[in-house]
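# Residue-level structure breakdown
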Amino acid sequence: MTDATSTTIPAEPAKAATPTTSALRDIWKQFSAHKGGVAGLIVFVFIVLAVYVGPYIHTVAPNQINIRDKNQWPSMAHPFGTDNLGKDMLAQVLAGGKTSLAVGFTAMLLALFLGTLVGVVSGYFRRLDGPLMRLTDLFLALPLLPLLLVIIMLFRDTLRAAFGPETGIFILVVAVIGVTSWMHTARIVRGDVLAIKSQEFILAAKSSGMREYRIVLRHILPNVLSSIMVSATLGIASAIITESALSFLGLGFPSDYPTWGRLLFDGVNFLQLTPSRVLWPGLIISATVISINYVGDAIRDALDPRSLKR
Amino acid sequence: MFTYTLRRLFFAIPTLLVISFVIFALLDLAPNDPTGDLPLTIPPEVREQIKASLGLDQPFFFRYMAWLHQFFINEPLNILEALTGWHIGDDQDRVRILSWATRSPVVDLIVQRLPQTLWVIGLAYVFGILIAIPIGVVSAYKQYSIFDQIGTFISMVGYSVPTFFTGVVLIVVFSSYLQWFPSVYDTNLQVTGFESFFAQMRQMVLPVAVLALYNASQITRFVRASMLDNLHQDYVRTARAKGVKEKTVLLVHVLRNSLIPVVTVIALGVPTIFSGAIITEQIFRVNGLGQLLITAIQGADIPLVQTLTFIFAVLIVLFNLIADVLYGILDPRIRYD
Amino acid sequence: MNKFKLLLVGTTAALASFGSVAHAARGSDGDLKILFWQAVSTLNPYLSGGTKEVYSSSMVIEPLARYNENGELVPTLVTEIPTVDNGGVAKDLLSMTWKLKSDVKWSDGSPFTADDVVFTWKYCTAPDGGCAQKAQYEGVKNVEAIDKSTVKVSFSEQKPYPYSAFVGAQSPIIQAAQFKDCVGAKAPGCTSANFGPIGTGPFVVKEFKPNDVITFVANPNYRDPNKPAFATATLKGGGDAASAARAVLETGEYDYAWNMQVEPEVLATMLKAGKGKLETAFGTQVERINLNWTNADPKLGDKRSTTAAGPHPSLSDPAVRKALSMAIDRQVIVDAGYGAAGKPTCNIVPAPAAVASTKNDAWCFKQDIEGANKLLDDAGWKKGSDGIRAKNGVKLNFLYSTSTNSVRQATQELVKDMWSQIGVGAELRNASASVFFGGDPASPDTFQKFYADVEMYTNNFDGTDPEKYLAEWLCDKIPAPANGWQGQNIPRYCNPAYDKKVAELSKTAEPAKRHELSKELNDMLTEEGAHIPLVHRGSLSADSVKLEGVKMNAWDSELWNVADWSRKK
């Protein structure tokens, strides 16, 4: 991990109201001073590179069944070993990463967008608070599994016809995860907004005649950023895992389409036989989430209104 | 605040009615079927008769009204009778909500599952909160210290590694190799003395550990983030400048102001104790409410799913209300009316 | 059958015969701990036809006669099995007479009489009762008590094979006194009776926690005074198959675990702990791939997968159907997913031995990629640039669906891989089992609707006579919107010659001739490619090395002889 000595936050005073390029440079300067953030970024970039470039180096096809080589421990030919059908685990982890990262990010962004939107609007505009929060209650109460069955029944074939089997399912999975996981973010953001709204600087901004949407963008959003960041990192982890839950319920990607969560789930029974089968998917999910967490921390510190405003 | 609470409570009734209708419609629309688990040797015409005997041949709206009547009138009357020993009306003919899979009253099933759910899931949640808050506070106060780094690492791993994996790992290590703890939870165990209490503790260790880790991981992140936000606020500097003790600054001022997102997360989490922890219950065979719900969903046991989900909805509405009231207490500047 | 399995079955049988000798007294062996990873919902098998309910209730309530481990009928509550020869079955095949044992008592001490048998029939056939085992009483016109210990069953038409009502774990006798107020629409309301039926079996229900755990105690009035050896029994439910296997084979917490649907190598790892062993028995279950004989193109809308849609553009070609079967290496599928619980098969009726055909084994057991390729070449299916064969613009690309289950998904991948070697592509899909088998006419994913080109699942028949089962492939049993998609002829196979032969079978009484006809029907289905039989599936359960007397039975409840089980000293 990172060197754990710097206990103070780099509070480099930024020259306010400069053009965007220099603001970005300031943020980057702050970011690069954050050792954890840099380490996280390196790990994350490495994972992304591995997933997208790796298949060109390790050229074994992820779906290549070789029943004679089943349940092998790591070797030169199969660095991560093989599964019970003789498929190469490294190739599967790399291929699974493409799907898992894409699903994790898009679903998280969707959930975050919906959650923040609902949270800020209901926290800031009192009139909308009641209806929006009751809607949130409704979504929290809906039983997930029957909901998924209904969504799949209604939309799978339409999407498959419109976008083809893989993209169609991708849209469906992302939409399903996004639409069913925004509520926590919404409740948390709303709580923060309620607290911030009553502080003096918002009142000052209001009395200075600032437009509402500018108040939200300039003053409210930056102050709820840290909760959003936590939601984002946790959201990626749950999106990756939820995707696997969807596939083992028969609601997600086809079974010959590896994803990290699925690899982990399928490997659990083989824990004693071929431990590397669960080790790597588990490790890489954790590594992704941890690196994103540190990057998130660093971005938050870099954007901290209190270290920028001074 | 009091009028606000009253108004919210009043508003909760139509909200819950709408929720119950949406859930019922959703379950009705879902394509799974109560005869889906039966062997294929049972011919289609018998399946039709089974469905008819469950009342599935009646129109949707009729079934919904019947459920409302049973849930809001018959079941409360039954509970009242059981508590007081009175007899109200013709209690022999009063139709209770019957589960389709077991053909027994849904409320009895729920009552049967409560002990293990509260023991395991509830306790794991309490532990999770008790672990998470101190770790979160110290992590934030000593940001980027070794303690913080390790805490971050463990909580992120704890959150990103799913319980279906940690549960099995713990069983393989502690039940198969070391043989310290049982892998199957015994719901028949009655705590009568020291020995059975010890047995109860032993069988709770693994599932509680798995769940507490998961819950603590999540809450800790929010405590830490929120503390960090507040630690850099002007009022903290002011308080310190005034010579207020560091401990007081931290625990009274900063913690109190940091609790709003934490309260939100906990209030969102408490109802989920009732809905159980499906995967963990499955792995350790705790057979609490989570297992009841998932079996019911898989078997398309609509009356059971509907009732469980609706009670869950009531708790959600209730605890979100409690959270809103707590906001006002934690930060008196928050006003709703 | 491989050597290991033979050895296993052999040793189990040897152990079992020792076990019954070493029997001591009732209740001397403590608690029997059984694990069912699918939890039991009720103990009344008439209200839930699920296998778990039928098996668990067989510890308590018993039929008049049951099948033993070899599929032979043995008397349980009667003195002998009625046949035409001993006069028990009338010469005109319109009635049969059961002679009850005279000294059998219910667990509450009251005598077991012919009235209970009559009542059981009335209970299951009562209107609005939703009895799940009604099919067992199909064709039964009347059941009457001639005297206290004689029951006469009359049929509405000739029944060449009359052993269905009151036979096997699916139709046990329930006590008239306990259920008399629970007939018809009142059946579901009798919770305490449904959760604790009074029976004649070796155990009595002490406490039933639905979907969780059942506690039994030995029946004090059981007809054999020395049995059961166990004083109590606990049947715990829930979890998954792998962890159930672990609780018996690795941690040794349980004595017996039902239905080990786990990858064979995982079980082998657990067996190394030396605490348990596996038991197998083969009934009539066959995992098969149904080929859709009708067009399943989504563009056809409502007509999709019905006879109105016309024949399937590529699967209607016999060469394609045969090549798909030839390309499959069944042994590989067995080794990857089934292990001791499966063997390759080319029959839809794989057992009992008398009706199991061997006619197609020669070509079908051996994977023949070359032959399949040649067959397709000759039929004019040419490989395109993507490696997929096509003819007249029709590609050999199939949508391949099944229910969600890790073994099925592995099989899907293996088959896809094998088919890719003959230029056939497959898109895999799986649907949650409760949807796939649920039969909701609104869902596109049910196996009856068959909105796919090929689909895979397991089916079987109860008992040992395949007549009713073979009648499922009749032309008029094709599912269609008109009959709510409820027919059982899932492949939409239709052949008048087949229909005629089924009619002939239903009129034939002589066993040898019946067997011959059954084999011919089975061979027609395999040869014409209504489906591709893959694996003859057995039941696989795990038991402790300390448990004796287990005789795995695929024809009846696995717990059929639980009275004989004992703990090794």
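Residues numbered from 1 in each chain as written. Chains lettered and ligands numbered in written order. Predicted model: local features only at pLDDT ≥ 70, side-chain atom pairs only at ≥ 80, totals over all residues. Heavy atoms only, no water.

## With respect to the overall build of chain B
Stated precisely, the cut-off is as follows: Here a strand is any run of E in DSSP of at least two residues, a helix any run of H or I of at least four, and the numbering for each starts at the N terminus. Only protein chains enter the accessibility calculation, which uses a 1.4 Å probe; a residue whose area is less than 20% of its type maximum is buried, one above 50% is exposed, and one in between is partly exposed. Two residues form a contact once any of their heavy atoms are found within 4.5 Å.
The number of helices and strands found in chain B is 12 helices and zero strands. Once the C-alpha set of chain B is aligned to its principal axes, its extents read approximately 80 × 60 × 40 Å. Looking at chain B as a whole, 56% of its 337 residues qualify as buried. In chain B, of all internal contacts separated by at least 6 residues, the share reaching a separation of at least 24 is 71%.

## A word on the pattern of salt bridges
Heads up, the condition is: For salt bridges, the criterion is a side-chain nitrogen of Lys or Arg within 4 Å of an Asp or Glu carboxyl oxygen.
Counted under the stated rule, the structure contains 41 salt bridges over all chains. Residue Asp564(C) pairs with Lys227(C) through a salt bridge whose shortest N-O separation is 2.8 Å. One end of the pair, Asp564(C), is in the loop between strand S20 (547–548) and strand S21 (566–567); the other, Lys227(C), is in the loop between strand S8 (213–218) and strand S9 (232–237), with 337 residues separating them in the sequence. Classification of Asp564(C) by relative accessible area gives partly exposed; the value is 23%. Several salt bridges converge on common partners, so that one network encompasses Asp129(A), Arg187(A), Arg190(A), Arg8(B) and Asp324(B).

## Some details on unusual backbone geometry
Residue and element names in this part refer to chain C. Here the bond from lysine 227 into proline 228 is cis, since omega is -5°, no more than 30 degrees from zero. With an omega of -5°, the peptide bond between alanine 351 and proline 352 qualifies as cis. Summarising the element assignment, proline 352 is placed in the loop between strand S12 (342–344) and helix H10 (361–364). A positive phi angle, close to 60°, is found at asparagine 211, a residue other than glycine. Of note, asparagine 211 is situated in the loop between strand S7 (203–209) and S8. Not every positive phi belongs to a glycine, and phenylalanine 450 is a case in point at roughly 55°. Note that phenylalanine 450 resides in the loop between helix H13 (433–436) and strand S18 (454–459).

## Remarks on the interface of chain A and chain C
The test is simple: Once two parts are brought into contact, the accessible area they lose, counted with a 1.4 Å probe and summed over both, makes up the buried area. Each polar contact in these results corresponds to two N or O atoms within 3.5 Å; when the atoms are within protein, one needs to be able to donate a hydrogen and the other to accept it, and residues that are neighboring in sequence are counted only if both atoms are side-chain atoms. As a working rule, the residues Ala, Val, Leu, Ile, Met, Phe, Trp, Tyr, Cys and Pro are called nonpolar, Asp, Glu, Lys and Arg charged, and the rest polar, with Gly in that last group.
Each partner contributes to the interface: chain A provides 25 residues, whereas chain C provides 32 residues. Of the roughly 2,400 Å² buried between chain A and chain C on both sides combined, carbon and sulfur atoms contribute 50%. In this structure, the connection of chain A to chain C is made through five salt bridges. Measuring nitrogen to oxygen at the nearest pair gives 2.2 Å for the salt bridge that ties Lys87(A) to Glu413(C). Counting every contact that joins chain A to chain C gives eight residue pairs in polar contact (both at pLDDT 80 or more). Here the side of chain A that touches chain C is built from residues that sort into 11 nonpolar, seven polar and seven charged.

## Some details on the sheet that holds strand S5 (residues 140–147) of chain C
The pairing of strands in a sheet happens through backbone hydrogen bonds and is either parallel or antiparallel. Residue and element names in this part refer to chain C. For clarity, the threshold we go by: If DSSP finds at least two bridges between two strands, the strands pair. Angular values range over 0 to 180 degrees, each being the angle between N-to-C directions of two axes fitted as lines to C-alpha atoms, with helices fitted over their stretch in contact.
Ordered by their spatial adjacency, three strands build an open sheet running S4-S6-S5, and the pairing between neighbours is antiparallel. Unpaired on one side and paired on the other, strand S4 (95–99) and S5 mark the two borders of the sheet. Averaged over all pairs of adjacent strands, the angle between strand axes in this sheet comes to 20°, irrespective of strand direction. The pairing of S5 with strand S6 (residues 150–155) spans six bridges and is classified as antiparallel. Residue pairing for S6: aspartate 147 is matched across the bridge by threonine 150. Across the sheet, helix H3 (residues 114–125) lies against S5 and S6, angled at about 165° from S5, the strand it touches most.

## Some remarks on the interface of chain A and chain B
Interface extent is often summarised as the accessible area lost during association of the parts. Tallying the contact residues gives 62 residues for chain A and 62 residues for chain B. Overall, the association of chain A and chain B removes approximately 5,700 Å² of surface from exposure, summing both partners, and the carbon and sulfur fraction of that is 69%. The tally of links from chain A across to chain B stands at three salt bridges. In this assembly, chain A and chain B are joined by 10 residue pairs in polar contact (both at pLDDT 80 or more).

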